[in-house]
Amino acid sequence: MCWWVFTGLVHTILDSFYVFSPIFYKNNTGSTLSKIWKEYSKADSRYAVRYSDIIMLEGLFAATGPVCFLALYAMAKGKSFSTILQFAISLVHICAISMLLITYILDGDNFAASDYYYYEYHIGINALWVLIAPQIALRCWKKISEACLAQDQKKNKVP
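Below is a short write-up of the structure. Keep in mind that this is a model prediction, so the values were computed, not measured. (Residues numbered from 1 in each chain as written. Predicted model: local features only at pLDDT ≥ 70, side-chain atom pairs only at ≥ 80, totals over all residues. Heavy atoms only, no water.)

So, about unusual backbone geometry. Glycine aside, a negative phi is what most residues show, and trans is what most peptide bonds show. Even without being a glycine, arginine 50 presents a positive backbone phi close to 60°. Structurally, arginine 50 can be placed in the loop between helix 3 (46–49) and helix 4 (52–77). A residue is classified by how much of its surface remains accessible, and arginine 50, at 16% relative accessible area, is buried. (Helix = DSSP H or I, 4+ residues; strand = E, 2+ residues; numbered from the N terminus. Buried < 20%, exposed > 50% of the residue type's maximum accessible area, 1.4 Å probe, protein only.)

What follows covers the environment of threonine 32. With respect to the helices and strands, the residue threonine 32 is situated in helix 2 (residues 32–40). The exposure class assigned to threonine 32 is exposed, which follows from its relative accessible area of 55%. Along the sequence, threonine 32 and valine 130 sit 98 residues apart, while their C-alpha atoms lie 26 Å from each other.

A separate point is the packing of helix 5 (residues 82–106) against helix 6 (residues 115–156). Interaxial distance between helix 5 and helix 6 falls to 8 Å at its minimum, and their mutual angle equals 145°. Crossing angle aside, the handedness with which helix 5 passes helix 6 is left-handed. Taken together, the residues that form the contact of helix 5 with helix 6 break down as 17 nonpolar, six polar and two charged. (Axes fitted to C-alpha atoms, helices over the stretch in contact; angles between N-to-C directions. Left-handed = near helix turned anticlockwise from the far one by under 90°. Nonpolar A, V, L, I, M, F, W, Y, C, P; charged D, E, K, R; others polar.)

All told, the structure shown has three salt bridges when counted by the stated rule. Note that lysine 42 and glutamate 39 form a salt bridge whose closest N and O atoms lie 3.1 Å from each other. Since its relative accessible area comes to 32%, lysine 42 is described here as partly exposed. The class of glutamate 39 is partly exposed, set by a relative accessible area of 27%. With a shortest N-O distance of 2.8 Å, aspartate 44 and arginine 46 are connected by a salt bridge. On the basis of relative accessible area, arginine 46 is assigned to the buried category, the value being 0%. (Salt bridge = Lys/Arg side-chain N within 4 Å of Asp/Glu carboxyl O.)

On to a nonpolar patch on the surface, then. Together, Leu70, Tyr73, Phe81 and Ile84 make up a nonpolar patch on the protein surface, roughly 360 Å² of accessible area in all. Structurally, the position occupied by phenylalanine 81 is in the loop between helix 4 and helix 5. Judged by relative accessible area, phenylalanine 81 falls into the partly exposed class, the value being 32%. (Patch = residues over 30% accessible without salt bridge, like charges linked within 9 Å, V, L, I, M, F, W, Y side chains within 5 Å. Areas by Shrake-Rupley, 256 points an atom, 1.4 Å probe, with all protein chains shown as cover.)

In terms of nonpolar packing, the biggest core is built from 16 residues, with Tyr18, Trp37, Tyr47 and Leu100 touching the most fellow members. Taken together, the elements giving at least two residues each to this core come down to helix 1 (2–20), helix 2, helix 4, helix 5 and helix 6. The contact partners of tyrosine 47, leaving out residues within four places of it in the chain, are Tyr18, Phe24, Trp37, Tyr40, Ser41, Ile54, Glu58 and Leu100. (Core = buried A, V, L, I, M, F, W, Y, C linked by side-chain atoms within 4.5 Å. Contact = heavy atoms within 4.5 Å.)

Structure representation (structure tokens):
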């Protein structure tokens, strides 16, 4: 459940700020969120210049933020849609993070100010979603498959 709180907050607060603050890099007011994105832009300059694919991916992440909280609610209340919701969000994470990293390579892999920023920020921070989302998706896939199998066996049972 901690993962869903963490990822929900990151997407709702950080990613939404990026998407809806097109001039964050010009902000000199000392805004913490602007500072975070300025710092992260050192690992991937596409964020500072606002590449359209980056805006789209961050918008997708921002949209999943509230859905993460819905998944958290569903898990806490034992709702039947909890597993499918977790599976869907994890698939979005897997696809979006794959697109982020693959476009980085296809566009030339030269967007970081230094290797430090590349490995600490770009790889290090995104590793959380690379490692955790597939595990959640696999766990959910197994639960959904088991439920479908049980349903099939129930239907095919001779009275």
